[in-house]
Amino acid sequence: QVQLVESGGGSVQPGGSLRLSCAARGSIFRLYAMGWYRQAPGKQRELVARITSGGSTNYLDSVKGRFTISRDNAKNTVYLQMNSLKPEDTAVYYCNADLESTAITSRRGYWGQGTQVTVSS
């Protein structure tokens, strides 16, 4: 059993900051890329940022220079530092992890439960 446990969402004024965390817990044999997606009301889920096990990153164009993704491999945890937040960043943010739960289990993606981020004055 694998769970992705997210924390750190909330409400903030424009220009503020939030830090999201996501810990992968349970049976984890090998952890590959981890990432953050978001979904605003009436819109499709989109990739915000992704980081490989080796530390390579990629970002949604609209968050480049404002958001930073990082990970702690020893803790199976990924972080998303969000600075200079804008109202258009308002969404439910979902953690995603690509992993093998055992040595004989196929690699697959797992999702967190989602955490709300609201940017409003």
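Our structure's up above, just so we're on the same page.
Now for a quick tour of the structure. (Residues numbered from 1 in each chain as written. Predicted model: local features only at pLDDT ≥ 70, side-chain atom pairs only at ≥ 80, totals over all residues. Heavy atoms only, no water.)

Turning our eyes to something else, we now look at the packing of aromatic side chains. All told, the structure shown has one aromatic pair when counted by the stated rule. Geometrically, the ring pair formed by Y37 and W111 is edge-to-face, given 4.9 Å between the ring centres and 65° between the ring planes. Of this pair, Y37 sits in strand β4 (residues 30–39) while W111 sits in strand β10 (residues 108–111), and the two are 74 residues apart along the sequence. A relative accessible area of 41% places W111 in the partly exposed class. (Phe/Tyr/Trp six-rings, centres within 6.5 Å; stacked < 30°, edge-to-face > 60°. Helix = DSSP H or I, 4+ residues; strand = E, 2+ residues; numbered from the N terminus. Buried < 20%, exposed > 50% of the residue type's maximum accessible area, 1.4 Å probe, protein only.)

In this section: the sheet that holds strand β8 (residues 77–82). Spatially, β1-β3-β8-β7 is the arrangement adopted by the four strands of the open sheet, whose pairing is antiparallel. Whereas interior strands pair on both sides, the edge strands pair on one side only; in this sheet they are β1 (2–7) and β7 (67–72). Each neighbouring strand pair of the sheet contributes to a mean axis angle of 15°, computed without reference to strand direction. Taken together, the six bridges between β1 and strand β3 (residues 18–26) define a ladder with antiparallel strand orientation. In the sheet register, S7 faces β3, and the bridge partner there is S21. (Pairing = 2+ DSSP bridges. Axes fitted to C-alpha atoms, helices over the stretch in contact; angles between N-to-C directions.)

If a residue is not glycine, its phi is most likely negative; likewise, a peptide bond is most likely trans. Of note in this structure, N76 is not a glycine but carries a positive phi near 50°. A positive phi angle is found at S84, which is not glycine, with a value near 50°. For S84, the position within the fold is in the loop between β8 and β9 (91–100). The class of S84 is partly exposed, set by a relative accessible area of 39%.

By the definition in use, this model includes one disulfide. Each sulfur of the disulfide joining C22 and C95 lies 2.1 Å from the other. Its S-S torsion of about -80° marks the bond between C22 and C95 as left-handed, since a negative value means left-handed. In this pair, C22 sits in strand β3 while C95 sits in strand β9, placing the two residues 73 residues apart along the sequence. The burial state of C22 is the same as that of C95; both residues are buried. (Disulfide = S-S within 2.5 Å.)

Turning to the side chain of E100, a few remarks are in order. Looking at the element boundaries, E100 is found in strand β9. Accessibility expressed as a relative area gives 14% for E100, which makes it buried.

Turning our attention to the nonpolar core. Counting 29 residues, the largest nonpolar core has W36, V48, F67, V78, L80, M82 and Y93 as the members making the most contacts within it. Contributing elements (two or more residues each) for this core: β1, β3, β4, β5 (46–51), β7, β8, β9 and β11 (115–119). Ranked by residues supplied to this core, first place goes to β9 with five residues. (Core = buried A, V, L, I, M, F, W, Y, C linked by side-chain atoms within 4.5 Å.)

That's the geometry; what it means functionally is another story.
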